Amino acid sequence: MRVGRSKLPAMLLGAAILIFASCEFADAQTAPQPPDAEIRAAMAWVFPKAHSPDPSAPRLARKPKPEPNEVVRVPGSTQSYTRAQLDADDSIADWFPHDHPSPPRIVMVHRKPGFPLPCADCHMPNGQGDITSPALAGLPREYIVEQLMAFRQGTRSTPLVMTREAQSINDADLDLASSYFSKLAYEPRTRVIETATVPRTHWVDFVLVPNRDGAREPIGERIIETSTDIVSHIVGDYHVENVAWVPPGSIAHGAVIASKGTAKALPCESCHGPALRGVGDTPPLAGRSPTYIVRELIRFRLGQRTNSGAAPMRLEALRLTLKDMIDVAAYAASREP
Ligand code: HEC
Ligand code: HEC
């Protein structure tokens, strides 16, 4: 059922290629920027990778193949699925079907062949997203539709998987999906913690997870967002708590940027509303994944979001340092939606 995960490498490759793509909408003020050293360094943690080795783990000769009849459960759920059901690519596991209204077919079922894939495969059946894919719950309906149009027209250029989703979804399904997600309440499950040091990490299924030996390193100018239970996370358990480690002092400095701006950038609250809860069609930032927030600020800066609605953000992102981005993301993520 985790169809989308296998498509993620393609979309990430797309991201890498498009970073350098030029943009015909560029004007002098908002011209897409080639990634400078600061942004290039951030890409190592901002753009997820499928896998990287844990240098502290013993090398296994070969991973044992999962047994198709193995019954899989996750904590707190009465549902169970066999490994074969989880691996099938026609519908999505839903571990907590009673915590949200019944989703429309486009969200849960893959009408094969090809695209569109069920939205829940990445954004979860209740629209709460996960570390890799943003929450859609509670986004303004108009904003969801506008973004799908931007993906379709290529003015929001990554990830490739969303471009293909947007090109293949029909208007009726887009209507159903956008109404469904916009009506759901967003309930973040990421705890934001300031810390000077973090575990050394490696990538597992597009998420940074601590190395086995427990070694630590300075956080530096980074956000490390991880799952507290990667095994359940991988099978689509959307109740697992996430943790985002952020640099010491980032939340307080981010609060100043949000309410007062910087010497160059406007206060985020002037458009995203008091407490960053969103206003009209301007999306909320409160409680959202801090890594996603930094990722999008970088995308605006690099010219990967050039739809007309993105114009103010392209200017804003050019005026923020990487540290500003991290701090304001830490602050936003720590707020109640
Ligand atoms: C294979 C995974 C995958 C599937 C399936 C998928 N998405 Fe996405 N979607 C993503 C990712 C990843 C992003 C974040 C893009 C980025 O990093 O800029 C995204 C972004 C979005 C956004 C922009 C959110 C924002 O805050 O700006 C919308 C809206 C969206 N998706 C809607 C949908 C809908 C509707 C469907 C089903 C028809 C769907 N997606 C299916 C992975 C997926
Ligand atoms: C002048 C108005 C304005 C200001 C100031 C502003 N924003 Fe935005 N922001 C927008 C609009 C409008 C969008 C939606 C873009 C679109 O429609 O494609 C947006 C989108 C975003 C997104 C993408 C959200 C998503 O779901 O993908 C992020 C992240 C963001 N803003 C962060 C910030 C931060 C951080 C600040 C302050 C440093 C800020 N914005 C200041 C208007 C603004």
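Every value quoted in this text rests on a predicted model; they were computed, and no experiment measured them. (Residues numbered from 1 in each chain as written. Chains lettered and ligands numbered in written order. Predicted model: local features only at pLDDT ≥ 70, side-chain atom pairs only at ≥ 80, totals over all residues.)

1. Side note on the packing of helix α6 (residues 141-153) against helix α8 (residues 171-183)
Relative placement of two packed helices is described by the angle separating their axes and the distance separating the axes. Packing of α6 against α8 leaves a shortest axis separation of 8 Å and a crossing angle of 135°. The orientation of α6 relative to α8 falls into the category oblique. The two elements α6 and α8 cross, and the hand of that crossing is right-handed. Residues Arg141, Ile144, Val145 and Leu148 of α6 form the contact with α8, whose own contacting residues are Leu174, Ser178, Ser179, Phe181 and Ser182. Looking at the contact of α6 with α8, its residues break down into five nonpolar, three polar and one charged. (Axes fitted to C-alpha atoms, helices over the stretch in contact; angles between N-to-C directions. Helix = DSSP H or I, 4+ residues; strand = E, 2+ residues; numbered from the N terminus. Parallel < 35°, antiparallel > 145°, perpendicular 65-115°, else oblique. Left-handed = near helix turned anticlockwise from the far one by under 90°. Contact = placed C-beta atoms within 7 Å. Nonpolar A, V, L, I, M, F, W, Y, C, P; charged D, E, K, R; others polar.)

2. Quick word on the pairing of strand β6 (residues 207-210)
Looking at chain direction, strand β5 (residues 201-204) and β6 are connected through four bridges and run antiparallel. Each bridged residue has a counterpart across the sheet, and for Thr201 the counterpart in β6 is Pro210. Two successive antiparallel strands, β5 and β6, enclose a turn made up of two residues, where Asp205 displays a positive phi of approximately 50°. (Pairing = 2+ DSSP bridges.)

3. Some details on helix α13 (residues 311-318)
Among the residues of α13, Arg314, Glu316 and Ala317 are the ones counted as buried. One face of α13 carries all of its buried residues, which in axial projection span an arc of 165°. Tucked into the core, α13 has its buried residues touching α12 (290-302). (Buried ≥ 20, exposed ≤ 12 C-beta atoms within 10 Å, placed from the backbone. Arc of directions from axis to C-beta.)

4. Looking at the nonpolar core
Ranked by size, the top nonpolar core spans 40 residues in total, and within it Ile223, Val294, Ala329, Ala330 and Ala332 carry the most contacts. Those elements that place two or more of their residues in this core are α2 (37-46), β6, β9 (242-246), α10 (250-260), α12 and α14 (322-333). Here the element with the most residues in this core is α14; it accounts for nine residues. Among all residues touching Ala332, those that are not within four sequence positions of it are Gly254, Ala258, Leu276, Leu285, Ala286, Arg288 and Ile293. Listed in part, the 28 residues of the second largest apolar core include Val74, Leu160, Ala166 and Tyr238. (Core = buried A, V, L, I, M, F, W, Y, C linked by C-beta atoms within 7 Å.)

5. Re the packing of α6 against helix α7 (residues 160-168)
One can describe the packing of α6 onto α7 by two numbers: an axis separation of 8 Å at closest approach and a directional angle of 105°. As far as their axial angle goes, α7 and α6 are roughly perpendicular. The segment α6 lies against α7, with Leu148, Phe151 and Arg152 engaging Met162, Thr163, Glu165, Ala166 and Gln167. Split by residue class, the contact of α6 with α7 holds four nonpolar, two polar and two charged.

6. Examining the environment of Phe206
By secondary structure assignment, the location of Phe206 is in the loop between β5 and β6. Separated by 157 residues in sequence, Phe206 and Lys49 have C-alpha atoms that sit 5.0 Å apart.

7. Some thoughts on the pairing of β9
Here β9 lies mainly inside the structure; four of its five residues are buried. Pairing geometry for strand β3 (residues 190-194) and β9, over five bridges, is parallel. What sits directly across from Ile193, in β9, is Trp245. Of the pairings in the sheet, the one linking strand β8 (residues 224-227) to β9 comprises four bridges and is antiparallel in character. Bridging across to β9, Thr226 finds its partner in Val243.

8. Topic: the confidence of the model for the protein chain
When pLDDT is averaged across the protein chain, the result is 91; 91% of the residues are at 70 or more. Scored below 50 in pLDDT, residues 1-28 makes 54 contacts in the model with residues more than four places away or belonging to other chains. (pLDDT = per-residue confidence, 0-100.)

9. Regarding the domain arrangement of the protein chain
Partitioning the protein chain into domains gives domain 1 (26-55 + 188-333) and domain 2 (71-183). Here domain 1 and domain 2 have C-alpha centroids that lie 22 Å from each other. The partner domain 2 presents 28 residues to the 27 residues of domain 1 that form the contact. Sorting the residues of the side of domain 1 that touches domain 2 by element identifies β8, α9 (230-234) and α12 as the ones contributing at least two each. (Domains from an automatic or database assignment.)

10. Points about the sheet that holds β3
Strand pairing within a sheet occurs via backbone hydrogen bonds; the two strands may be parallel or antiparallel. Strands sit in the order β3-β9-β8 across an open sheet of three strands; the sheet is mixed. Either end of the sheet is taken by a strand with one partner, and the two such strands are β3 and β8. For this sheet, the mean angle separating the axes of adjacent strands, direction not counted, is 20°.

11. Brief notes about the environment of Pro284
With respect to the element layout, Pro284 can be found in the loop between α11 (269-272) and α12. On the basis of neighbour count, Pro284 is assigned to the buried category, with 22 C-beta atoms found within 10 Å. The sequence separation of Pro284 and Pro140 amounts to 144 residues, and the corresponding C-alpha distance is 8.6 Å. Among all residues touching Pro284, those that are not within four sequence positions of it are Gly138, His272, Leu276, Arg277, Gly278 and Pro337.

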